[in-house]
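# Structural features, examined
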Amino acid sequence: QVQLVESGGGLAQPGGSLTLSCAASGDISSFATMGWYRQAPGKQRELVATITSYGRKNYADSVKERFTISRDNAKNTVYLQMNSLKPEDTAVYYCNARRNFGVTTKDDYWGQGTQVTVSS
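Residues numbered from 1 in each chain as written. Predicted model: local features only at pLDDT ≥ 70, side-chain atom pairs only at ≥ 80, totals over all residues. Heavy atoms only, no water.

### A few points about the overall build of the chain
Secondary structure assignment for the chain yields zero helices and eleven strands. For a compact globule of 120 residues, the expected C-alpha radius of gyration is about 14 Å, and the chain comes in at 14 Å, within 12% of that figure. Each of the three principal axes of the chain carries a C-alpha extent, and together these read 45 × 30 × 25 Å. Burial analysis of the chain (120 residues in total) assigns 38% to the buried set. A fraction of 53% describes how many contacts in the chain between residues 6 or more apart in sequence connect residues 24 or more apart. (Helix = DSSP H or I, 4+ residues; strand = E, 2+ residues; numbered from the N terminus. Rg over C-alpha atoms; globule rule 2.2 N^0.38 Å. Buried < 20%, exposed > 50% of the residue type's maximum accessible area, 1.4 Å probe, protein only. Contact = heavy atoms within 4.5 Å.)

Here it is, written out as structure tokens:
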């Protein structure tokens, strides 16, 4: 029932910028965490950035100081502002919404992904 739709991917030059958007079908405040993950060919999906329902943000070391996650609860949308892009940022980026059940159990919802390619 939960639907997440990513947009904003595309081609950027090294050092350039892109902004990704994730539009949710429901109230994003109902999720404990919203986040962005990425997966490059031949590699496992990895966390990029997350934001909790109360605004706490976490970033992967590889994107810290370059990427910024934010949300607009009124629009039920999460954003990822990507600056100073590097070729190694090339991947399919996925939006994630998470509900926690107790301490160890969780329920994850995923968008279809949007391709980001960084190349000169």
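So, next bit.
### Observations concerning the pattern of salt bridges
Tallying each qualifying case throughout the model produces four salt bridges. Across the salt bridge formed by Arg-38 and Asp-89, the nearest N and O atoms sit 2.9 Å from each other. Highlighted residues: Arg-38 in strand 4 (residues 33–39) and Asp-89 in the loop between strand 8 (77–82) and strand 9 (91–101), separated in sequence by 51 residues. Between Asp-89 and Arg-66 there is a salt bridge, and its shortest N-O distance comes to 2.8 Å. With Asp-89 in the loop between strand 8 and strand 9 and Arg-66 in the loop between strand 6 (57–59) and strand 7 (67–72), this residue pair connects regions lying 23 residues apart in the sequence. Taken together, the salt bridges that share partners define one network made up of Arg-38, Glu-46, Arg-66 and Asp-89. (Salt bridge = Lys/Arg side-chain N within 4 Å of Asp/Glu carboxyl O.)

### Regarding the nonpolar core
Counting 28 residues, the largest nonpolar core has Met-34, Trp-36, Val-48, Phe-67, Leu-80, Met-82 and Tyr-93 as the members making the most contacts within it. Contributions of two or more residues to this core are made by strand 3 (18–24), strand 4, strand 5 (46–52), strand 7, strand 8, strand 9 and strand 11 (114–118). (Core = buried A, V, L, I, M, F, W, Y, C linked by side-chain atoms within 4.5 Å.)

### Remarks on the environment of Gln-81
Of note, Gln-81 is situated in strand 8. Here Gln-81 falls in the partly exposed class, since its relative accessible area comes to 28%. In the structure, Gln-81 is positioned 20 residues away from Phe-101 in sequence and 30 Å away in space, judged by C-alpha atoms. Each residue touching Gln-81, except ones within four places of it in the same chain, is listed here: Ser-17, Leu-18, Thr-19, Arg-66, Phe-67 and Thr-68. Of the polar contacts made by the side chain of Gln-81, one reaches the side chain of Asn-83; its length is 3.0 Å. (Polar contact = N/O pair within 3.5 Å; in protein donor to acceptor, adjacent residues only side chain to side chain.)

### As for the packing of aromatic side chains
Applying the stated criterion to the full structure yields two aromatic pairs. Measuring from ring centre to ring centre gives 6.1 Å for Phe-31 and Tyr-109, while their planes differ by 70°; the resulting arrangement is edge-to-face. Here Phe-31 is found in the loop between strand 3 and strand 4, whereas its partner Tyr-109 is found in strand 10 (residues 105–110), with 78 residues between them in sequence. Among the residues examined, Phe-31 registers a relative accessible area of 4% and is labelled buried. In this structure Tyr-109 comes out as partly exposed when scored by relative accessible area, which is 22%. For the ring pair Tyr-37 and Trp-110, a centre distance of 5.1 Å and an interplane angle of 70° mean the geometry is edge-to-face. One end of the pair, Tyr-37, is in strand 4; the other, Trp-110, is in strand 10, with 73 residues separating them in the sequence. (Phe/Tyr/Trp six-rings, centres within 6.5 Å; stacked < 30°, edge-to-face > 60°.)

Coordinates in, geometry out; function isn't part of it.
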